[in-house]
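# Results of the structural survey
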Amino acid sequence: MTGRRRLGLVAAGATLLSAAPLATIFDKWTWLLQVILTVAMIAGAGVLTRTLRFPSWAQALGMIVAMLVTLTWIFPSGHELLVPTPATIAHFGELIQQAGEDTRSYAVPVPDRDGLLFVAALGIGVVAIVVDLLTAVFRRPALAGLPMLAIYSIPVAVYLDSVPVTPFIVGACGYLWLLVADNVDRVRRFGRRFTGDGRDVDVWEPSPLAAAGRRLGVVGVLVAVLLPLAVPTVSGGLLSQLTQNGPGIGGGGGGGNGKINLFASLSGQLSQNTTVTLLKVSTNEKNPFYLRFGVADQLTAEGFGNQPPNGNTLNRGSLPDPRREGTTNQTTFQQFHADVEVTDGLRQSLAPLYSYPVGISDLAGTWAYDGNQQVLYSNRSTTNKQKYSIDYLRPQYTPDELRTALALGRDDPIRRAYTAVPDNAYVNEQVAKLTRGKSTDYDKVRAIYDSFSKKYGFSYSLSTQSTGNLSEIEAFLKNKVGYCQQYAAAMAWMVRAAGIPARVAFGFTRGTPEDGDTYVITNRNAHAWTEVYLQGFGWVPFDATPSVSVTGASRPDWAPDVDRTTAPTATAPTAAAPGVSSSASAAPNQRPDKAGDLNDSSALGTVTTDEDNWTGLLIFGLIATLIALLLVPALRRVLLRRQRHAATAGPPPAVIDPSTPGPAGTVTGITVTTETAQAREDAHAAWDELIDTMVDFQIAVDPTETPRLTAQRLIRETVLTDQPATAAELLGTAEERARYARQPMQGAELAAALRQVRSGMSRSANTRVRLRAALLPPSIMLSWRLGLAEAGTRAMEWSGRFGEWVTRFNPRRLVNRAR
Amino acid sequence: MTTPTWGEPTGPLTSAEFHAATQAIMTNIEQVIEGKSATVRLAVAVLLAEGHLLIEDVPGVGKTKLAKALARSIDCSVRRIQFTPDLLPSDVTGVSVYNQETRDFEFKPGAVFANLVVGDEINRASPKTQSALLECMEERQVTVDGTTYELQAPFMVVATQNPIEMEGTYPLPEAQRDRFTARIAMGYPDPRAELAMLSGHGDHDPLNDLRAVADAAMVRRLIETARAVHAADAVQQYAIALVTATREAPEIRLGASPRSTLQLIRTAKAVAALEGRDYVLPDDLQALAVPVLAHRIIPTADAQLNRRTTDTIVSEIVHRLPIPHANRNPYDTRAAGGGTQYESRGR
């Protein structure tokens, strides 16, 4: 087996090793089988085409076909017989789309979903092809590290906290294997290998002389893994932990009076670096709305604060039934049952609940329920490792129903209690502007709610620090960057300013679905939203935070996602029927939860699309980076040319006849004026540019040739005629006079000549050469390579000297002398 | 014999005058020697470089004719010496003869007392006679019986020799060869030139029709003008590099002398002037390296066994040395001592 074919197999193996990071993404190992099958088929196709001595493009094509066929086998659409048909491609498209949805619905580790498996197999297959081509065809295995790195970047993007180290080591080993195999092959082609003591080494036996290289490799990997662990970074480690003001999850016992700082607790949970599962809830409701545990309903100069809840203990008296309460008499309810299991990660004296509980059981300790706040609290017990079940009512209502809600009278106690706002000119002005012309409470609320959208310039960022006081809320309204608690508090304030009761609710978003009706809720699901009191419907939730940025966000009909294109904007159609008073709470109509997390804006740049499809973004970013990297030589070449043209295309001084003045003998010495010096520099710059251009167009450059001869050969070899030929001769003459004559040629249009020669050369070159000259100019690559080689030589010399110096301290030297 | 006269116009010529004068000489010579303009130009360049010319080729290609045509074209004193085995040094330099009337020895100048000396078949004379030319060629003077006689300016020896015929010849000693600025080979004419020669030479010798187009004074001014040509530092370094390379080449037993460096630059100046330039190019040096250097070097026995001629060795050196450049060519790693040669084509 030739080295090339063998290299192809090594490339496949290395690709498989570098796919190790996917193990942290998937829950099961099905993906591995499929990926191995795909890569094996691709490698087989590569080896086969190479054995049959196909050209490079045919090898690439063969591998692509092999990948498509394999994918068709593994993910058949059912309409084809082993060979991909248009239906298969359409099926693939569906799978990719499905994968895009799955990435939003599932958190890591994800279950075996067809779409995700397909994307995994496809991605690894593409990487395998690229690695194979780079290694076996182009003999540039070092570049194969880029696609391999792309695989590794997936867990980096998905895991916000520390990324597992092991897959990186496995992948790095694969990469090193590839490099080693390539170099062994190179040495093997060079000739016989032998040990230091003169013994021949078998072809694939590691050379004892390479021990130093292996040691270096191991040290390199170790350093690469260990160094980042030691260095504190912005997103993980000391820095961000020290800057957080909240302790994270409401600490043990968190205030028997229920007076914990909900805002600080929330921001602490969201900005933690690790993801901790707080509770699991299973419910028979199809798309449950948020779990809630606290309310902040007092607005003071410090911002929203929570009153201590006040209610009856569970043992004495049953929970209030909203169906019979006057405040919610307009609402229809549906009853559901939920089981909550809290882990030791959540120890607080406020128990997470769905709204309107009508029965709570199995909760250990003494707990009391505040019917107004709908908060279950305890003075002594915490939720630590509690398991309890809730029967709750889910209100069902529509925007049209809500629009019937009448405004509360000025003296209504609820309105008095929950519309107290500090006087703030900016907020008042904004509210007045937004609610102008709106007649019903609901329309006013919707106008305010709709304003928290991209359209109005709001964007989500967890990196803003907030304790929730008034000046900060106002600042948020002005600079429009913040996260859920700022959105919730700001909206509540504005709604209050419009004369409608509002408060901020705290809790958790839906979480990640698991086994059907069970949802896993982590600290990333901690959330805050606004509740607005509408007469006859009670406290109606509005979540103003952009849903794309919130894990498990949910949008009911009456408060749709404002950033969706279909969402109605600030003006809601209206027909305010005189309302009947009733009350209700949430009954949302939701979309599936998404995986990932909300503060990923820092990991992936800004979340800009409606669909925060991180895979798409990632691929796009990688491709953009790759293209940018590939364009660097071309850019460098263009810059260099600009620089030289700028040097050359100065204002033409007094025009002198470019024809030689002859052996006048009148000029006895060399007069150096600034003009002549400049003219010399110009000619040199133009000549260097011409030489570089020749290198770019793969015309040999001979340092033993004089400028005149070079120009003549250029004209001959590239068949320049007319203007370009004259221009080339002019450049040659200018350079030779700049170098050897007393007076350089002045006033010649060297820049124009350069352009003409270049275009002439490009005309006579074939497309491949032209493309290469434009995209990967050989002159730049060559000078870089030479520079690198020179630096390498210098480093070798230096290390040699260092080694000699170190040898002086080697005790073995003394031993040898003793002998 | 012309002697410099007072009142003769001196000083360098202008470009146009120079061009006209040299062109006239070359055209004149080419009336006789058809189709050999490069050789003719080189011969004139040697004249303007104050050098001596060795024309080496097989018999019958026009060696002597070229020498004579050059001599005829310039209105100056010309002597011709036919070198024969029995020629004596005094025949060349001159001899002191006892004069009965004055009762004293009187110096009878030899053949070298002329502006142009044509030495035919120089290698047929014995080495001792050949050596008579050593002093006059380099120092432009003759010392006989303790008296030194200056030769006239310009002074140029044009010698011919036959490299093929070995019988009865004495190869030129190294010292003698080093005194010749350039060695040129005539080469056979191409068929067209030969045809022209047949028709032209059929009834009479065109050499007889040649009229002088310049005189010694003009030649002196031409020489002065050629001397003023500028040779940049880089060009001088290149000349030194070329000569040094012949000394260091492994195939060469004896390299070129420092005198050859000087003569190389001088000839290059003359060539540049003939081409209408007032500065020397490396191209000139490259073109002159073989004529100026090749006849001075002695290849090693190995090289001779390998049938390596000095011409090929020198031209290989020319193709190996990088061109001097004020701002170094970034692709030229050879000048820096690196061993890698730039390949423009990728693998």
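Here, residues in each chain are numbered from 1, in the same order as that chain's written sequence. Written order decides the labels, with chains lettered from A and ligands numbered from 1. Residues qualify for local features only when their pLDDT is at least 70, as the model is predicted, and side-chain atom pairs are given and counted only at 80 or more; totals for whole chains, interfaces and linings, by contrast, use all residues.

### Brief notes about the overall build of chain A
Short version of the rule: The way it works is that DSSP assigns letters per residue, a run of H or I at least four long becomes a helix, a run of E at least two long becomes a strand, and they are numbered from the N terminus. Residue burial here comes from a neighbour count, namely the number of other C-beta atoms, placed from the backbone, that lie within 10 Å of the residue's own C-beta, with 20 or more meaning buried, 12 or fewer meaning exposed, and in between meaning partly exposed. By the convention adopted here, residues are in contact when the distance between their C-beta atoms, placed from the backbone, does not exceed 7 Å.
Regarding its fold elements, chain A presents 25 helices and 18 strands. Taken across its 819 residues, chain A has 44% of its residues classed as buried. Long-range pairs, those at least 24 residues apart, make up 75% of the contacts in chain A between residues at least 6 apart in sequence.

### Points about the confidence of the model for chain A
All names here are of chain A. The criterion, for reference: pLDDT is a residue-level measure of predictor confidence that goes from 0 to 100.
The share of residues in chain A with pLDDT of 70 or more is 79%, and the mean pLDDT across the chain is 76. Predicted confidence for residues 234–260 stays below pLDDT 50, and this span has 54 contacts to residues more than four positions away or in other chains. Segment residues 652–669: pLDDT under 50, and 37 contacts once partners within four positions in sequence are set aside and those in other chains are kept.

### Some points on the sheet that holds strand β10 (residues 375–377) of chain A
Residues and elements named next belong to chain A. Put simply, the rule reads: Only strands that DSSP links by at least two bridges are regarded as paired with each other.
If you trace the four strands from one edge of the open sheet to the other, you get β5-β9-β10-β7, paired in antiparallel fashion. Looking at strand neighbours, the two that pair on one side only are β5 (312–313) and β7 (350–351), the edges of this open sheet. Pairing of strand β9 (residues 368–370) with β10, which is carried by three bridges, proceeds in the antiparallel orientation. From the neighbouring strand, Asp 370 faces β10, where its bridge partner is Val 375.

### Quick word on the environment of Pro 422 of chain A
Residues and elements named next belong to chain A. Residue position: Pro 422 is located in the loop between α12 (413–418) and α13 (425–435). Accessibility expressed as a C-beta count within 10 Å gives 14 for Pro 422, which makes it partly exposed. Those residues within four positions of Pro 422 in sequence are excluded, and the remaining contacts are Leu 299, Ala 301 and Leu 470.

### A few points about the UniProt feature "transmembrane region" (unreviewed entry) in chain A
Residues and elements named next belong to chain A. Short version of the rule: UniProt positions are given in the numbering used here, feature names are shortened, and annotations may be inferred rather than shown by experiment.
In the numbering used here, UniProt assigns the feature "transmembrane region" (unreviewed entry) to residues 29–49, 56–75, 115–135, 142–160, 166–184, 216–239 and 614–635. Counting secondary structure, residues 29–49 comes out at 95% helix and 0% strand; the distance between its end C-alpha atoms is 31 Å. For residues 56–75, the helix share is 95%, the strand share is 0%, and the end-to-end C-alpha distance is 28 Å.

### A closer look at the sheet that holds strand β6 (residues 332–342) of chain A
Residue and element names in this part refer to chain A. To be explicit about the condition: Helix axes are fitted to C-alpha atoms over the stretch in contact, other axes to C-alpha atoms as well, and angles between N-to-C directions run from 0 to 180 degrees.
Spatially, six strands are ordered β8-β11-β6-β1-β16-β15 in an open sheet, and the strand pairing comes out antiparallel. Looking at strand neighbours, the two that pair on one side only are β8 (357–361) and β15 (512–514), the edges of this open sheet. Between one strand and the next, the sheet's axes are offset by a mean angle of 25 degrees, whatever the strand orientation. Alignment of strand β1 (residues 277–283) against strand β16 (residues 518–522), held across five bridges, turns out to be antiparallel.

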